[in-house]
Amino acid sequence: MFSKILIANRGEIAVRIIKTCRRMGIKTVQVYSEADAGSLAVEMADEAVLIGPAPAAQSYLLADKIVEAVRQTGAQAVHPGFGFLSENAGFARRLRDEGIAFIGPNPEAIEAMGDKISSKKLAAEAGVSTVPGHMGLIETPEEAVRIANEIGYPIMIKASAGGGGKGIRVAHSDADMAEGFAAVKAEALNAFGDDRVFLEKFIVDPRHIEIQVLGDKHGHVVHLFERECSIQRRNQKVIEEAPSPLLDEATRAAMGAQAVALAKAVNYDSAGTVEFVAGQDKSFYFLEMNTRLQVEHPVTELITGVDLVEQMIRSAWGETLAFEQKDLKIDGWAIESRIYAEDPYRGFLPSIGRLVRYEQPEEGEQDGYVVRNDSGVREGDEISMFYDPMIAKLCAWGDTREAAVTGMARALEDTHLSGLGHNVPFLAAVMDQDRFKSGNLSTAYIKDEFPDGFHGLRPSVEQERILIASAMAMNEIVAEQDGDPSDRTDWIVMIDKTPHGVGLSYDADEAMILTLTGGGDIRLSDIDWRPGLAQFRAELDGEPFTAEVKRAPDGFDIRHRAAKARVRVLRPHVAELYARLPEKIAADTSKLVLSPMPGLVVSIPVVVGQEVKTGETVAIIEAMKMQNILKAERDGVVKAVGAKDGDPVAADDVLVEFG
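Residues numbered from 1 in each chain as written. Predicted model: local features only at pLDDT ≥ 70, side-chain atom pairs only at ≥ 80, totals over all residues. Heavy atoms only, no water.

Would you mind showing me how to read the overall build of the protein chain here?
Along the protein chain, the regular secondary structure elements total 17 helices and 40 strands. The C-alpha radius of gyration computed for the protein chain amounts to 27 Å, which stays within 12% of the reference 26 Å derived for 659 residues, consistent with globular compactness. The C-alpha extent of the protein chain, read off along each of the three principal axes, is 80 × 65 × 55 Å. Taking all 659 residues of the protein chain together, the buried fraction comes to 57%. Once local pairs closer than 6 in sequence are excluded, the contacts in the protein chain between residues at least 24 apart make up 64%. (Helix = DSSP H or I, 4+ residues; strand = E, 2+ residues; numbered from the N terminus. Rg over C-alpha atoms; globule rule 2.2 N^0.38 Å. Buried < 20%, exposed > 50% of the residue type's maximum accessible area, 1.4 Å probe, protein only. Contact = heavy atoms within 4.5 Å.)

Would you mind showing me how to read the environment of Trp 529 here?
Mapping Trp 529 onto the fold places it in the loop between strand S28 (520-528) and strand S29 (535-540). For Trp 529 and Ala 473, which are 56 residues apart along the polypeptide, the C-alpha to C-alpha distance reads 8.9 Å. Not counting the four nearest positions on each side in its chain, Trp 529 is found in contact with Met 474, Ile 477, Val 478, Gln 535, Phe 536 and Val 549.

What exactly am I supposed to notice about the nonpolar core here?
Side chains that are nonpolar tend, in soluble globular proteins, to be buried together. Ranked by size, the top nonpolar core spans 40 residues in total, and within it Ile 239, Ile 335, Ile 391, Leu 412, Phe 426, Met 431 and Phe 436 carry the most contacts. If you list the elements that add at least two residues to this core, you get strand S12 (236-242), strand S15 (333-340), strand S23 (390-398), helix H12 (401-413), helix H13 (424-432) and helix H15 (445-449). Residues contacting Phe 436, with those up to four places away along its chain left out, are Ile 231, Ile 239, Glu 241, Ile 335, Arg 401, Val 405, Val 430, Met 431, Leu 441 and Tyr 445. (Core = buried A, V, L, I, M, F, W, Y, C linked by side-chain atoms within 4.5 Å.)

What is the right way to read the pairing of strand S9 (residues 197-201) from this model?
For a regular strand, side chains alternate in direction, first toward one face of the sheet and then toward the other. Burial analysis of S9 places 4 of its 5 residues in the buried class, the great majority of the element. By the bridge criterion, 2 bridges tie strand S6 (residues 133-134) to S9 in an arrangement that is antiparallel. When the sheet's bridge partners are listed, His 134 is paired in S9 with Leu 199. (Pairing = 2+ DSSP bridges.)

What is the right way to read the layout of surface pockets from this model?
To find leftover empty space, one rolls a probe the size of a water molecule over the atoms. Put simply, the second largest pocket is a space of about 800 Å³. Taken together, 34 residues make up the lining of the second largest pocket; nearest its centre are Thr 406, Ala 409, Arg 410, Glu 413 and Arg 561. Sorting the residues of the lining of the second largest pocket by element identifies H12, H13, helix H16 (461-481) and strand S30 (543-552) as the ones contributing at least two each. Among the elements that line the lining of the second largest pocket, the one with the most residues is H12, at 9 residues. When the residues that make up the lining of the second largest pocket are grouped by side-chain class, the tally is 14 nonpolar, 7 polar and 13 charged. (1 Å grid on protein atoms, 1.4 Å probe; cavity = no way out; pocket = protein on both sides within 12 Å on 5 of 7 lines; lining within 4 Å. Points joined across faces, edges and corners; volume = space filled by probe spheres on them. Nonpolar A, V, L, I, M, F, W, Y, C, P; charged D, E, K, R; others polar.)

I would appreciate a short explanation of the sheet that holds strand S21 (residues 370-375) in the present structure.
Sheet strands associate in pairs through backbone hydrogen bonding, adopting either a parallel or an antiparallel arrangement. Strands sit in the order S14-S13-S10-S11-S12-S15-S23-S21-S20 across an open sheet of 9 strands; the sheet is antiparallel. Only two strands of the sheet have a single partner each, and these edge strands are strand S14 (284-290) and strand S20 (364-365). Here 4 bridges tie S12 to S15, and the two strands are oriented antiparallel to one another. Each residue of the ladder has a partner; that of Ala 242, found in S15, is Ala 334. Its contacts with the sheet place helix H1 (residues 11-24) against S21 and S23, and it is angled at close to 115 degrees to S21. (Axes fitted to C-alpha atoms, helices over the stretch in contact; angles between N-to-C directions.)

What's the story with the pattern of salt bridges in this structure? I'm lost.
Here the idea is simple: oppositely charged side chains can pair when their charged atoms come close. Throughout the structure, instances matching the rule amount to 61 salt bridges. When the shortest N-O distance is used, the salt bridge between Arg 435 and Glu 449 registers 2.9 Å. Here Glu 449 lies in helix H15 and Arg 435 lies in helix H14 (residues 434-438), a separation of 14 residues in the sequence. Its relative accessible area of 17% is what places Arg 435 among the buried residues. The class for Glu 449 is partly exposed, based on a relative accessible area of 28%. Connected through shared salt-bridge partners, Arg 16, Arg 23, Glu 301, Asp 307, Glu 310, Arg 314, Glu 319, Arg 372 and Asp 374 make up one network. (Salt bridge = Lys/Arg side-chain N within 4 Å of Asp/Glu carboxyl O.)

What is the right way to read unusual backbone geometry from this model?
One can expect most non-glycine residues to show negative phi and most peptide bonds to be in trans. Of the consecutive residues Tyr 153 and Pro 154, the connecting peptide bond is found in the cis state with omega at 0 degrees. With respect to the helices and strands, the residue Pro 154 is situated in the loop between helix H7 (141-151) and strand S7 (155-163). The phi angle at Phe 84 is positive, at roughly 50 degrees, despite the residue not being glycine. With respect to the helices and strands, the residue Phe 84 is situated in the loop between strand S4 (77-79) and helix H4 (89-97). Even without glycine at this site, Arg 234 takes up a positive phi of about 55 degrees. With respect to the helices, strands and loops of the structure, Arg 234 is situated in the loop between strand S11 (221-233) and S12.

I keep staring at the pairing of strand S1 (residues 4-7) and nothing clicks. Help me out?
Where burial is concerned, the two faces of S1 agree: the one with Lys 4 and Leu 6 and the one with Ile 5 and Ile 7 are both buried. With 4 bridges joining them, S1 and strand S2 (residues 27-33) adopt parallel strand pairing. Its bridge partner being in S2, Lys 4 is matched across the sheet by Lys 27. Where the polypeptide runs from S1 across H1 and back to S2, its parallel neighbour, the crossover connection is right-handed. Where S1 meets S4, 3 bridges bridge the pair, whose relative direction is parallel. (Right-handed = clockwise from strand over helix to strand, strands pointing away.)

Got a minute to help me understand the side chain of His 297 in this structure?
The residue His 297 is located in helix H10 (residues 297-304) in this model. With a relative accessible area of 0%, His 297 lands in the buried category. Separated by 3.1 Å, the side chains of His 297 and Arg 16 make a polar contact. (Polar contact = N/O pair within 3.5 Å; in protein donor to acceptor, adjacent residues only side chain to side chain.)

Hey, could you run me through the sheet that holds strand S39 (residues 648-649) in this one?
What the 4 strands build is an open sheet, ordered S37-S36-S34-S39; its pairing is antiparallel. Because the sheet does not close on itself, it has two edges, and the strands there are strand S37 (626-631) and S39. Here strand S34 (residues 599-603) pairs with S39 via 2 bridges, running antiparallel. Residue pairing for S39: Leu 600 is matched across the bridge by Pro 648. Contacting strand S36 (617-623) and S37, helix H8 (residues 174-192) crosses the sheet at an angle of about 145 degrees to S37.

Is there a simple way to explain H16 in this structure?
Because each turn of an α-helix spans 3.6 residues, side chains separated by three or four positions in sequence point in the same direction. Taking 1.5 Å of rise per residue, 21 residues should cover 30 Å, and H16 covers 30 Å from first to last C-alpha, within 8% of that figure. Within H16, 15 of the 21 residues are buried, which leaves it mostly tucked inside the rest of the structure. At the C-terminal side of H16, Gly 483 shows a positive phi close to 70 degrees. (Expected span 1.5 Å × (residues − 1).)

Any chance you could explain the state of the cysteines here in plain terms?
Where two cysteines share a covalent bond between their sulfur atoms, that bond is called a disulfide. Per the stated rule, a full pass over the model turns up 0 disulfides. With no disulfide partner, Cys 229 has as its closest neighbouring cysteine sulfur the one in Cys 395, 12 Å distant. (Disulfide = S-S within 2.5 Å.)

Structure (structure tokens):
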């Protein structure tokens, strides 16, 4: 077995690989850019080698730097993780020529499957169902429009070398196609160094289901069942689960058999994923094969008990698979939520900066579920604009899907981050939705359920009780600490502008008994909070909960899952005065185009004095390797331009002002 492995990646996947290597008794070398010098992966690895500046094109994407680090440290193999060079056949071939093991598939398999166009043809030849489309190269927007009309809208525009949700657009018209084609080519060239684009029919109301495959160098291939990855935003997976609530045993077996057939056709000899688009009627079509480890691999590990990183290492060493298809079984259900540094209240735009606070849920066996948290950052770390904004992959396992959903919701409650925007409230909202609980999913889920964007959810009746109880308890604790306890037993708790009458008493066990006007009694016990803590924990009528809390000048800001509110505990006569306060009028920004996120200005194609029509592009901002096109929301004349091409901008910086 290898004695030392170099990890050519960063963040949570690097940490994930190090953990398996430690368990196997293998030493690790972590390469890092200047931006990652103080990272958790660098701290955990046995050795670390600086390979260049922050931009990936000057560090993690330079094969010469990786090979030099291997030679310098005496590593015998390279694990590429996902992204960067993980699906680069030239890199895998270079390592092979240098006598260095590549912990991934052979370069011929990468080459065959890594190109989205040739992989479709190979899949068809292997008897795999494929989506109708145009697999030839397309050079111009005009040609793309002509072909799209032959296939029929809607059409998906995809980068041939794409992956990770980048280099993808859906066009519903000729105008969409012309603009989207140019944008995809630009993104593909920037992210992958390859601007080839192809088109395929977009399946309406589809589900995204993928099959995990695993092969060795002796011709053996198995599948480890499926993952459902239909909850997506901008074609990037957000929530995944295994198995899929759609599939029956017959469909599962058919998809698995096709995935194995394709893997065998290219002599696949590592972990990989065959992705399918599935209709609600259980029809399915091949999308692509990812010749690497997937971000969502933990859910497969949780339901099968197989460590995929370990199996990749053993296959690269030349070992035969230690199990056959008949040995693999599905045990329980697992869900993964990708926690990103992005602000769901601002259209899920990247939110870079310092992670001021990061409290993680306890891992391992909990009350009815199991928690796993794959994270590559710590409290105090910086989330850089140069890389994907992932903070962690939070997973929950349960005996049933219902138990896994409940476990995930509780694990999200126990996660606290501050210092930047994050999507934990959104993830919690999905867990609480009846539609998600029913398993009725599609890739349009987020657009369908949050058509106007995410603004949080209104508190349910149970959440109102949680907000009231938390505020009452904190009010009592603060008063006690300030030496000003009140013997008052009747209060008004305002949730934003809505008053709730509350009577306060204690039982023999010193638990708080709250009598709600028209709502009966609730019992609050096992309170775990003191001023300064960001999480309030307690049991409400015997059920544990965690709320995120922050003291405000006139009360508390409390968030429970996706419901948040300013909550005030007031004497009745003071509550009457609050009810009369006028609403604060928001500032008028209707004539301003603001940068929605920190990033770099790609272009501002307007000038002072120019007349602009509604829908015209006024700025393009790049952040986290994605281009964001900003369009005019109304007709107007440009009064001022606040930035130029190449300028760095912060969130809410003025880009264009209209007269």
